[in-house]
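Observations on chain architecture
Here is what each chain is made of, one letter per residue.
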Amino acid sequence: MSLPETKKVIQTLAKYSVCDLSDALVKTGLKKGGYFPNLVRQSQNPTGATMVGKAYTVLFAPKDDPRPAIKGGYIDKVTEDSVLVIALSKNLQKLDAPYTKISNALYGGLMSTRANYLKSNGTIVFGRVRDIDEHKELKRDVFSYGLGSTAHGPVLKLVGINVPVEVLIDDYPEPRTEVINPGDYIMGDDNGVVKVEDNADLLSILEYIPKRVAADTLVKEDILKGEECTPSQKKRRAGL
Ligand SMILES: O=C([O-])CC(=O)C(=O)O
Ligand code: NI
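In this text, all values refer to a predicted model and were calculated from it rather than measured experimentally.

Where burial is concerned, most of strand E8 (residues 156-161) is hidden: 6 out of the 6 residues are buried. Note that strand E3 (residues 51-62) and E8 share 5 bridges and pair antiparallel. Along E8, the bridge assignment pairs Phe60 with Leu158.

Below, the structure written as structure tokens:
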């Protein structure tokens, strides 16, 4: 998708909540609605508005990983309208809390300062972040599994920039691995974080969302007038 179209998708999605996007994704057959569980919104933009952007991915692995370390870091290449997605190699992920084997933080305040300067829209860290006061002061949207105090340098190395990253998720009946590809749309608000693939049928998704939101607004009005919820949902969502 070309840049103006990308901007339009971002502006449109930003008017809605991640729940609205998940409803649309469920409609396309994705039972899990694109949701990444267990991420906490550690800091946010001034209005708490929905964060939307295109994934700019970063992959860290343990020092003894066979892949060579990438020199020069990732932060100065971060692109406008991106959401920075920082992940660990799969052998450092856990199905249960705290979802990461690494107590070091993968991301801190200087990274947020530079990312904001480069007009990136937010950061998702499948691990820990530090300098929490700085992210809040910068009013940057930052989501993570947890907090830490120690930088990543002593135990991890950078092995991927804009590569597909895998996220291990416990689920029923089986644990699953979700992949985030560079350029996927990432959306986050107080409900958490949702992904929609860049090659998804975005036009149908963007068409469905306002219709569904309008239907649910009518259901709410019906309920406030004393109508029963279930029949109202059936009536208002008919044909959607
Ligand atoms: O230096 C680091 O690796 C992380 C950090 O604390 C920062 O970005 O401020
Ligand atoms: Ni720092």
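The rest of the description comes next.
With that settled, the discussion passes to the UniProt feature "binding site: substrate" (unreviewed entry) in the chain. Using the residue numbers shown here, the UniProt feature "binding site: substrate" (unreviewed entry) corresponds to Gly108, Gly109, Leu110, Met111 and Arg130. With the annotated positions falling across 23 residues, the maximum pairwise C-alpha distance of 10.5 Å places them together in a single cluster. For Gly108, the position within the fold is in the loop between strand E5 (105-107) and helix H3 (109-117). For Gly108, a relative accessible area of 10% gives the class buried. Those residues within four positions of Gly108 in sequence are excluded, and the remaining contacts are Arg130, Asp131 and His135.

The final tally for this structure, using the stated rule, is 0 disulfides. Cysteine Cys19 remains unbridged, with the sulfur of Cys229 as its closest cysteine sulfur at 16 Å.

Residues in contact with ligand 1, as listed here, are Gly108, Gly109, Leu110, Met111, Arg130, Asp131 and His152. Here an oxygen atom of ligand 1 and a backbone polar atom of Gly108 are 3.4 Å apart. A distance of 2.8 Å separates an oxygen atom of ligand 1 from a polar atom in the backbone of Leu110. Taking 260 Å² as the accessible area of ligand 1 by itself, protein coverage stands at 82%.

The next point concerns the UniProt feature "binding site: Mg(2+)" (unreviewed entry) in the chain. Residues given the UniProt feature "binding site: Mg(2+)" (unreviewed entry) here are Asp131. Mapped onto the secondary structure, Asp131 falls in the loop between strand E6 (122-129) and helix H4 (132-138). We classify Asp131 as partly exposed; its relative accessible area is 29%.

What counts and how
Residues numbered from 1 in each chain as written. Chains lettered and ligands numbered in written order. Predicted model: local features only at pLDDT ≥ 70, side-chain atom pairs only at ≥ 80, totals over all residues. Heavy atoms only, no water. Buried < 20%, exposed > 50% of the residue type's maximum accessible area, 1.4 Å probe, protein only. Helix = DSSP H or I, 4+ residues; strand = E, 2+ residues; numbered from the N terminus. Pairing = 2+ DSSP bridges. UniProt positions renumbered as here; feature names shortened; annotations may be inferred. Contact = heavy atoms within 4.5 Å. Disulfide = S-S within 2.5 Å. Near = heavy atom within 4 Å. Polar contact = N/O pair within 3.5 Å; in protein donor to acceptor, adjacent residues only side chain to side chain. Areas by Shrake-Rupley, 256 points an atom, 1.4 Å probe, with all protein chains shown as cover.

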